[in-house]
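Descriptive structure summary
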Amino acid sequence: MKKIAKKDIHKLLSQWQKEFTVFVPSRETGVAEMVAWDGQDTTFLNWYRNTIIPPKANFLQNIEKMFDFRKDDGSYNLELPVAQEQKQLIFGIRPCDARAISIIDMVFKDAYEDTYYLNRRKNAVLVGMGCVNPYDSCFCTSLGFGPAEAADVDLMLTDTGDEFLIEEVTDKGKELLAKTEGVEEATKGDEARAGEVKDMAYQKVTRKIDIKEIEKKLPSSFDNEEFWKKIAAKCVSCGICTFLCPTCYCFDINDEALKGDGARYRNWDSCSFPLYTQMPMENPRVEKWRRVRQKVCHKYMFYPMLFDIIACTGCGRCIRLCPVNWDITQTLADMPGEAPVGTEK
Ligand code: SF4
Ligand code: SF4
């Protein structure tokens, strides 16, 4: 284990900036998100709890050009972007958001190889920062990890006051730290202090869900139209909960064309929108309750069936940022478990 004084973080980032595009939390755009470091500002250390826009945006961009096309003599010529493997270092990613990256890797890396995603993801270094001040909407401890979890990052920082303890988690993290100047060996006392900070953070996550109960009740609640209608009633289908969810990865593909020339883009999409499932002859999720059911079941039932992991990290964004205070933990707690007799599918 190593450590560094907080006042020296600037030196650490400056060294890493020579090799990577370093991303740090910023509110410059008016919304807290990871942005490329300007080489100066470290004031995020004073306000950062978590970003509003999750770091999935560093790998799956909210909008990106896939290729240009041009119509010549009746056929189309495609111009693919030059594949560039980007070296990004994301500094301060929270354990829940790092877990979310591991979760969406299962789609973009394992289920198929998405080169757009992988060109950014392959050489990325994740430098995690444990939470010392979780929100009351956080419930990560119910999902089998917690605010100090290091399993999904390369290096893990724990805030011990005037210093950060640095844990080398992966070989990539170890190699990076080995060539970084200005870090010191941590003492047993530093490690003990970091342990106390981690325990305290864990205790501060007081919102809980019961995964065992959910696994039992969700399949048998699936056909309970009455329940889903009730819990969907106040949702206004704005899509915020899905756009800002670190594990939601749905996208749409659109062509922007003018007289045969144009470009194909992909952009984040949301299962909260009625048009999301529009097909030429029908739309299976016109009613809002079906869309809300899909959002919950995809995370807690379908994703575990496919990848053996729940696609929710308990980051709490969907609770904090929903304009009508829709609360996924309340929905999961209120689930009756049995569909009333005669409920339509
Ligand atoms: S953020 Fe709230 S209102 Fe908007 S789609 Fe999600 S649950 Fe519905
Ligand atoms: S469903 Fe909500 S709590 Fe779970 S990962 Fe998505 S935004 Fe976070």
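Please refer to the structure higher up on the page.
Now for a description of the structure that goes with this document. All figures in this text were calculated on a predicted structure; none of them were measured in a lab.

1. So, the layout of surface pockets
The computed volume of the largest pocket comes to approximately 320 Å³. As for the largest pocket, its lining consists of 28 residues, of which Tyr-48, Arg-49, Arg-94, Cys-131 and Val-132 are closest to the centre. The set of elements that each furnish at least two residues to the lining of the largest pocket consists of helix 2 (44-47) and helix 3 (95-111). With four residues, helix 2 is the single largest residue contributor to the lining of the largest pocket. Its residues assigned to classes, the lining of the largest pocket shows 17 nonpolar, six polar and five charged.

2. Digging into the packing of aromatic side chains
Summed over all chains, the structure comprises 15 aromatic pairs. With centroids separated by 6.2 Å and ring planes inclined at 85 degrees, the aromatic side chains of Trp-47 and Tyr-48 adopt a geometry described as edge-to-face. For Tyr-48, a relative accessible area of 8% translates into the label buried. Look at Phe-108 and Tyr-117: their rings are 4.7 Å apart centre to centre, the planes differ by 25 degrees, and that puts the pair in the stacked class.

3. A short note on the side chain of Ser-272
The topology assignment puts Ser-272 in the loop between strand 12 (261-268) and helix 10 (288-307). According to the relative accessible area criterion, Ser-272 is buried, its value standing at 8%. Once residues within four sequence positions are removed from consideration, Ser-272 is found in contact with Ser-237, Gly-239, Cys-241, Thr-242 and Arg-291.

4. With respect to helix 8 (residues 225-232)
Those residues of helix 8 that sit buried are Glu-225, Phe-227, Trp-228, Ile-231 and Ala-232. Taken down its axis, helix 8 places every buried residue within 160 degrees of arc, on the same side. In helix 8, the exposed positions angled more than 90 degrees off the buried face are occupied by Glu-226 and Lys-230. Close packing links the buried residues of helix 8 with helix 7 (211-221), helix 10 and helix 12 (328-334).

About the cut-offs
Residues numbered from 1 in each chain as written. Chains lettered and ligands numbered in written order. Predicted model: local features only at pLDDT ≥ 70, side-chain atom pairs only at ≥ 80, totals over all residues. Heavy atoms only, no water. 1 Å grid on protein atoms, 1.4 Å probe; cavity = no way out; pocket = protein on both sides within 12 Å on 5 of 7 lines; lining within 4 Å. Points joined across faces, edges and corners; volume = space filled by probe spheres on them. Helix = DSSP H or I, 4+ residues; strand = E, 2+ residues; numbered from the N terminus. Nonpolar A, V, L, I, M, F, W, Y, C, P; charged D, E, K, R; others polar. Phe/Tyr/Trp six-rings, centres within 6.5 Å; stacked < 30°, edge-to-face > 60°. Buried < 20%, exposed > 50% of the residue type's maximum accessible area, 1.4 Å probe, protein only. Contact = heavy atoms within 4.5 Å. Arc of directions from axis to C-beta.

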